[in-house]
Structures are given as C-alpha cells and as structure tokens.
Amino acid sequence: MTNAMSAVAAHRRVGLRPDRTLIWADEFAGATYDTDKWVALNRSISVARLSSRPENVFTENSSLVIRAMRDDYMGKPWSSAWLRTDGKFHYRYGLLEARIKAPIGAGMWPAFWIHGDTWHIRYPEYISGEIDIWEHWDSDPTNLITLYAAPVGATAGVAVKGGSYPVDITQWHIYGMEWTPDTITFFLDGEQVGNTVNVADYTNANGWNPYRTPQTIQLDNMPGQAGWRPPINAATPSPADMRVDWVRVYAPVGVDEYVNQTGLTLDQSTMTVAQGSWGYINATITPGDAADQTIKWSSSN
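In this numbering scheme, every chain counts its residues from 1 along its sequence in written order. With pLDDT at 70 or above as the cut-off, local features in this predicted model cover only qualifying residues; side-chain atom pairs require 80 or more to be listed or tallied, and sums for whole chains, interfaces and linings still use all residues. Hydrogen atoms and water are omitted, and side-chain values are computed over all heavy atoms in the structure.

**Q** Could you give an account of the overall build of the chain, with specific residues and numbers?
**A** Note on conventions: DSSP H or I runs of at least 4 residues are helices, E runs of at least 2 residues are strands, and numbering of each starts at the N terminus. Check the secondary structure of the chain and you find one helix and 20 strands. Accessibility here uses a 1.4 Å probe with only protein chains present; expressed as a share of the type maximum, an area under 20% marks a residue as buried, one over 50% as exposed, and anything in between as partly exposed. Scored against the burial criterion, the 301 residues of the chain give a buried share of 51%. Only heavy atoms matter for contacts: two residues are in contact if any of them lie within 4.5 Å across the pair. Expressed as a percentage of contacts within the chain between residues at least 6 apart in sequence, the contacts between residues at least 24 apart total 66%. On the chain, roughly 13700 Å² of surface is accessible, and the fraction owed to carbon and sulfur atoms is 51%. Residue burial considers only the protein chains on display, and all accessible areas are found by Shrake-Rupley using a 1.4 Å probe.

Below, the structure written as structure tokens:
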C-alpha cells in the first residue's frame, strides 16, 4: 500500500481517489514497464506476433505505450503486445480503474480487462471468468462491456453483455469497475455506465462462481482476429498506439488494509486493523480445483 501511494506521489494525481484505500498501482513513470508487476506474452495470434520487445511495449511521458504495427515480425504481418499481472498481482473485490486512450481503425481491438487465476481450465465452462471493462472494435464509436461465464444452470460459458456506450477512445478517459461479492458496476470518467451485474447469477451448474475468486489485470492492443471482425486493411494505421496513463486498484469500501498473498501460506503475512474496523485477506489456492481448500488463520490483541 505504501509503495502504491509513493508511485502516485511521483506522478500527476489525475483521477486519484483520496476517499479510497489504494492497494496497487502502476503510474508507468519508469524507463520501461515494470516487470515486477507485468508479464508480456510472447506468442502468435491470428495476424500478429505478440512480443515483449521495446518496439511494441515501452513507456513514454509517464505513460505505457502498447504499439501495434505492420512490420512482418516472426512470420506475422503485424506485431503488438499484451501485458498481464498473472503471477505478479491478483485481487478480489474493490475498485479497478485505468486512464487510457487508444487508436481506431479497421481490425483494431484494444482492451482493458480482468481474468481469473484459473485460466488453464477456462473452457468449456469459463470457470475462470472474464470481464472486459473496456474493449473497442475497429472504427465503431461504441465501447463494449462484456462478461464471460456460465450463468446459473448452464454447463457452457456464454458472452453476457454488460452494456455499451458511445465514447471517443482516441481521447483520454478513465474506465473503471467496482466489484463486490454481490454486484459488478462499470464507470466512465466516474459516471456509471452499462448494466449493474448480479454476481449470484453466474454461479454455474457445478456451484462455481468465477466472480467470487481472484482476478488478474490484462492490457492489450490487438490487431483483430482474422475471420470474425472487419479485417485489417491498407488504411489501418501503423503504428497504432494504445496509451495507458495509469492503472489503480482500491480496496473494497470499508476495508482499512489489504494483504495480497498468492498461494497457500499465509503465516508470514500480517495485518494490523484498528479496533472497530476490519480487514481483508486475499488468497489463491493452487490448484484451483484442489479437494482441500481450507485456509486457517488466527488473530491476536
């Protein structure tokens, strides 16, 4: 928490919420993106090669730049980048916000989203869940909010629209999501947009609810998947830069201190909570389908 606040203090405080407890942030003020916070994928998708090289992902003017470009890299006509916090940071419940501007053009598909830690068992039930807080296709002026999960009674995952709204993504906007055990609500520049989602509706036929488990943060700027979006053409801009000014995660309302702990061992993490207040411990059990998922802890005066 202290490190997150220090990072903000070193950067302009646009959009900072003094009424909330900041638990994690990246202000992108370093010479390059922080590999202690983000993992860059190196893989091929459809028409592009995703890479960690500085040509595709770098910092500039205290912002992250994810650059898609037509450069015939590693057997693909386009290259770009996808950053995620997998293995570095996850959270459950709270307010997640990012200040972003992005390119438009045929075939472009930038996005800011979260995905569950149980990525490896995503299909066919979307057991890990996915929430696209902000994604934009091509030159369409409409932004989309999409959730992927298996609704009550279903055994296969479906795309559930959280709503859509017009926005000029080429200008800076703050995209956000407030996530509680009961509801998920979306925001544009601090104003609610889209539909409020009832979390209980996504407990699937096996009793699993992905929106009550930890999620990781994803940022990408995809040249669109071939065959299911209007294709990239000669007029698609290259380079096409998605810029992220900052990403911030705030603790749930009422939580004084937040400990993020990955794995099964909690005995080396401590939390001090004032009398009359309460705290929140976030833990991930690996593997997610383990038979014994009991976590024990104790408190002392």
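**Q** Break down the confidence of the model for the chain for me, with residues and values.
**A** pLDDT gives the predictor's per-residue confidence on a scale running from 0 to 100. For the chain, the average pLDDT comes to 79, and 70% of its residues sit at 70 or higher. Predicted confidence is poor over residues 7-11, with pLDDT under 50, and the contacts of this stretch with residues over four places away or in other chains come to 11 contacts. Taken together, the stretch residues 261-268 has pLDDT below 50 and engages in 16 contacts with residues farther than four places along the chain or on a different chain.

**Q** With reference to specific residues and values, describe the pairing of strand S7 (residues 76-80).
**A** Taken together, the three bridges between strand S4 (residues 48-50) and S7 define a ladder with parallel strand orientation. Bridge pairing in S7 links Arg49 to Ser79. A pair of strands is treated as paired once DSSP finds two or more bridges between them.

**Q** Report on the pattern of salt bridges, specifying residues and quantitative values.
**A** Between Lys or Arg on one side and Asp or Glu on the other, a salt bridge is scored when a side-chain nitrogen of the former is within 4 Å of a carboxyl oxygen of the latter. Scanning the entire structure with this criterion turns up nine salt bridges. Across the salt bridge formed by Arg20 and Glu178, the nearest N and O atoms sit 2.9 Å from each other. Placement of Arg20 in the loop between helix H1 (2-9) and strand S1 (22-26) and of Glu178 in strand S14 (residues 173-179) is noted, with a sequence separation of 158 residues between them. Across the pair, Glu178 and Arg20 agree in class, each one buried. Residues participating in the shared-partner salt-bridge network are Glu60, Arg67, Asp241 and Arg243.

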